[in-house]
Amino acid sequence: MVSIKEETRNRGYTCINCKKWVQVSEYNKTVDRNHCPYCLWSKHVDNKTAGDRLSSCNSGMRPIGLTIKTPRVDKWGVEVKGELMIIHECNSCGKISINRILDKDDENVLKELFEKSVNMSGVEKDKLKVMEIKVLEEKDREEFSKQLFGNPIKS
């Protein structure tokens, strides 16, 4: 098994799910890429905080839905709109994390994940709501489209 340090040195990694090579490049702002742009799967490498790379789990984290990060107020007091995020769940330990989408992520897979979010069971949504993660719903379709494509799409 290749270590995370070796993958970083090699400027990429092999996806834990689809086995495709994921290029990591400081030139296209993907140095911190934590999920595959082809299938959106991630690897459970962080323990307590994003980027700490201290987890010993190292299992696959499947994309289970989409959310929009809670808007925040910047240092000048201006509200910054929340960005589109992928909700991942670890196949081994069940840890949930959210990760921002990136410009190279497959748009069709993101659309499929949006539909998965819309059709997620109430039990699953309630589990995430306790963690303060609001899963996208049908009423969020226009915002999803704006964030992904810059304009709304018709259903």
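Now for a quick tour of the structure. (Residues numbered from 1 in each chain as written. Predicted model: local features only at pLDDT ≥ 70, side-chain atom pairs only at ≥ 80, totals over all residues. Heavy atoms only, no water.)

Some points on unusual backbone geometry
The residue L40 is not glycine, and still its phi comes out positive at about 70 degrees. With a relative accessible area of 0%, L40 lands in the buried category. For E132, which is not a glycine, the phi torsion comes out positive at approximately 65 degrees. Its location among the elements puts E132 in the loop between α3 (122-130) and α4 (141-149). You can call E132 exposed: its relative accessible area is 72%. (Buried < 20%, exposed > 50% of the residue type's maximum accessible area, 1.4 Å probe, protein only. Helix = DSSP H or I, 4+ residues; strand = E, 2+ residues; numbered from the N terminus.)

Considering the packing of helix α2 (residues 107-118) against α4
Interhelical geometry of α2 versus α4 gives an angle of 165 degrees and a closest axis separation of 12 Å. Between α2 and α4, the angle falls in the class roughly antiparallel. When the axes of α2 and α4 are compared, the crossing they make is right-handed. When α2 is examined against α4, the residues E107, L110, K111, F114 and E115 are found in contact with a partner set consisting of R141, F144, L148 and F149. Taken together, the residues that form the contact of α2 with α4 break down as five nonpolar, no polar and four charged. (Axes fitted to C-alpha atoms, helices over the stretch in contact; angles between N-to-C directions. Parallel < 35°, antiparallel > 145°, perpendicular 65-115°, else oblique. Left-handed = near helix turned anticlockwise from the far one by under 90°. Contact = heavy atoms within 4.5 Å. Nonpolar A, V, L, I, M, F, W, Y, C, P; charged D, E, K, R; others polar.)

Some remarks on the nonpolar core
Among soluble globular proteins, nonpolar side chains are generally buried collectively. One finds L66, I86, L110 and F144 to be the most contacted residues of the largest nonpolar core, which totals 13 residues. Elements that contribute at least two residues to this core include exactly β7 (84-90), α2 and α4. The biggest single contributor to this core is α2, with five residues. Other than its neighbours up to four places away in sequence, I86 contacts H35, L40, P63, G65, L66, S97, I98, N99, I101, D105, L110 and L113. (Core = buried A, V, L, I, M, F, W, Y, C linked by side-chain atoms within 4.5 Å.)

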